[in-house]
Amino acid sequence: MFNRRAFSKVFTAGAAAATSVPGLAAASAATPGAGRPGTTTPGVGGPVVIPSITPGTHTSLSLLKQVRAGELNIGYAEEGPADGPVVICLHGWPYDIHSFVDVAPALAAAGYRVIVPYLRGHGTTTFLSPRAVRNAQQSAIALDIIALMDTLKIRKAVLAGFDWGSRTADIIAALWPDRVKALVSVSGYLITNLKKQKLPLKPGPEHVWWYQYYFATDRGQDGFRTYTKEFTRLVWQLVSPTWNFDDATFDRTAAAFSNPDYVPIVIHNYRWRLSLADGERRYDHLEKRLAATPTISVPTITLDAELDPFTTPDNGASYRSMFTGPYAHRTLNGIGHNVPQEAPQAFTQAVMDADNL
């Protein structure tokens, strides 16, 4: 289960190496020992720090699969031993599974079975029925991942995500905590409350969400469909101002946007958040529970990226009360929105540490 050769040199690095995770500015613990550097790795009893990971080391994920789950045919990447403890990595928008191109191999080397699915409307994930509603409300996406776990016979997993992926992981941890061993959530508690979403923000924060209002118009929908690559590349540049990605890196992810459901799914997601598009009645009971802002009790590490324009500059204080179990918070200096791809070492370390809170 544990690849000893990959980690043999780590044990001699000494305790000082435990603080060397790139981008890590601060960690705060809610319980004794939480947020400590190093982890207990699968199959090994002592603390371990992962080897250094240079962003962009990998360009692809090794094994791509397809499986029917729920109302979808889900495309996903899989790395690591089939009998390893499971980590499910969930991407955001406008990204895809390549956000975890360096994280997944590192976790696999540590003995984890890593599952990285394309969310609905992305990449090779397609609807089984042409008549299915192209619905992207939050509970529907969460149920996609539950269906995937059921189909793959995964009873329990560590969930780790950012952006849409954080929201999805948060929802599963809140509503189905028995399915979640631990949680890594970039930007903290992201479960959408439709009533609160109707309240205006101050002009500065509203400006950051410019594309949400663009998508609310027919012009915006047409513009996004016509200029998908240009649009998404601009978002990458704005939300990750110091990430010097090249054309090849962007193009590998942009290939996932050619899915015919991509534009309808993205547009519905943002319109639904503003109550400008309806969800499906069959999810009302779940949305009612989510509207009550349920707390999350599973072991959790939250990550905030210093240069992410959506990060609240309060070191996680605004959402701290929503996590009631073992907990730690970390802020990543010099990192933007796409945390796992910009700071794969810090993200990987957070997954392994959360698994051992």
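Computed from a prediction, not measured in an experiment: that's the story for all the values here.

1. A short note on the overall build of the protein
Here is step 1 of the chain: The secondary structure content of the protein amounts to 14 helices and twelve strands.
Here is step 2 of the chain: Here the protein holds 357 residues, and the buried ones make up 57% of them.
Here is step 3 of the chain: Restricting to contacts in the protein with at least 6 residues of sequence separation, those with at least 24 account for 79%.
Here is step 4 of the chain: Of the roughly 14,600 Å² that the protein leaves accessible, carbon and sulfur atoms contribute 55%.

2. Regarding the pairing of strand 7 (residues 113-117)
Here is step 1 of the chain: When you tally the buried positions in strand 7, you get five out of five residues, the bulk of the element.
Here is step 2 of the chain: Side-chain alternation along strand 7 places Arg-113, Ile-115 and Pro-117 on one buried face and Val-114 and Val-116 on a second face that is also buried.
Here is step 3 of the chain: With four bridges joining them, strand 5 (residues 72-79) and strand 7 adopt antiparallel strand pairing. Bridge pairing in strand 7 places Tyr-76 opposite Pro-117.

3. So, the pairing of strand 6 (residues 86-90)
Here is step 1 of the chain: Summarising burial for strand 6: five of the five residues are buried, a large majority.
Here is step 2 of the chain: Residue alternation in strand 6 divides its side chains into two sets, Val-86, Ile-88 and Leu-90 and Val-87 and Cys-89, and both sets are buried.
Here is step 3 of the chain: In the sheet, strand 6 pairs with strand 7 via three bridges, with the strands oriented parallel. By the bridge assignment for strand 7, Val-87 is matched with Val-114.
Here is step 4 of the chain: Once the chain exits strand 6 it traverses helix 2 (residues 103-109) before rejoining the sheet at strand 7, and the crossover so formed is right-handed.

4. Structural notes on the side chain of Ser-187
Here is step 1 of the chain: Mapped onto the fold, Ser-187 is located in the loop between strand 10 (180-186) and helix 5 (194-197).
Here is step 2 of the chain: The buried category is assigned to Ser-187, whose relative accessible area is 12%.
Here is step 3 of the chain: The contact partners of Ser-187, leaving out residues within four places of it in the chain, are Leu-303, Asp-304, Asp-308 and Tyr-319.

5. Details of the pattern of salt bridges
Here is step 1 of the chain: All chains considered together, the criterion is met by 16 salt bridges.
Here is step 2 of the chain: The partner of Lys-181 in a salt bridge is Asp-355, and the shortest N-O contact between them spans 3.0 Å. Here Lys-181 is found in strand 10, whereas its partner Asp-355 is found in the segment after helix 14 (344-354), with 174 residues between them in sequence.
Here is step 3 of the chain: Overall, Asp-355 belongs to the buried group, its relative accessible area being 12%.
Here is step 4 of the chain: For Asp-251, the salt bridge is made with Lys-229, and the minimal N-O distance between the two is 3.3 Å. Highlighted residues: Asp-251 in helix 10 (residues 247-254) and Lys-229 in helix 9 (residues 228-239), separated in sequence by 22 residues.
Here is step 5 of the chain: Here Lys-229 falls in the partly exposed class, since its relative accessible area comes to 42%.
Here is step 6 of the chain: Among the charged side chains, a network of salt bridges with common partners joins Glu-71, Arg-120, Asp-144, Glu-280 and Arg-282.

6. Section: helix 11 (residues 262-273)
Here is step 1 of the chain: For helix 11, built from twelve residues, the straight-helix expectation of 16 Å at 1.5 Å per residue is met to within 8% by its first-to-last C-alpha distance of 17 Å.
Here is step 2 of the chain: Along helix 11, the positions that sit buried rather than exposed are Tyr-262, Val-263, Ile-265, Val-266, Ile-267, His-268, Asn-269, Tyr-270, Arg-271, Trp-272 and Arg-273.
Here is step 3 of the chain: Immediately beyond the C-terminal end of helix 11, within one or two residues, lies Ser-275, with a positive phi of roughly 60°.

7. Some thoughts on the nonpolar core
Here is step 1 of the chain: Core analysis: the largest hydrophobic core is formed by 102 residues, its most contacted members being Ile-88, Trp-93, Leu-107, Phe-215, Phe-224 and Phe-347.
Here is step 2 of the chain: Those residues in contact with Leu-107, other than ones at most four positions away along the chain, are Val-87, Cys-89, Tyr-112, Val-114, Thr-348, Val-351 and Met-352.

8. Observations regarding the packing of aromatic side chains
Here is step 1 of the chain: In the structure shown here, the tally under the stated rule is 32 aromatic pairs.
Here is step 2 of the chain: For the pair Trp-93 and Phe-231, a centre-to-centre distance of 6.4 Å together with 50° between the ring planes defines the contact as tilted. In this pair, Trp-93 is assigned in the loop between strand 6 and helix 2 and Phe-231 in helix 9, connecting sequence segments 138 residues apart. One exposure class covers both Trp-93 and Phe-231, and it is buried.
Here is step 3 of the chain: Positioned over the ring face of Phe-250 is Arg-233, at 5.3 Å from the centre of the ring.

Quick notes on the rules
- Residues numbered from 1 in each chain as written.
- Predicted model: local features only at pLDDT ≥ 70, side-chain atom pairs only at ≥ 80, totals over all residues.
- Heavy atoms only, no water.
- Helix = DSSP H or I, 4+ residues; strand = E, 2+ residues; numbered from the N terminus.
- Buried < 20%, exposed > 50% of the residue type's maximum accessible area, 1.4 Å probe, protein only.
- Contact = heavy atoms within 4.5 Å.
- Areas by Shrake-Rupley, 256 points an atom, 1.4 Å probe, with all protein chains shown as cover.
- Pairing = 2+ DSSP bridges.
- Right-handed = clockwise from strand over helix to strand, strands pointing away.
- Salt bridge = Lys/Arg side-chain N within 4 Å of Asp/Glu carboxyl O.
- Expected span 1.5 Å × (residues − 1).
- Core = buried A, V, L, I, M, F, W, Y, C linked by side-chain atoms within 4.5 Å.
- Phe/Tyr/Trp six-rings, centres within 6.5 Å; stacked < 30°, edge-to-face > 60°.
- Lys NZ or Arg CZ within 6 Å of the ring centre and 35° of its normal.

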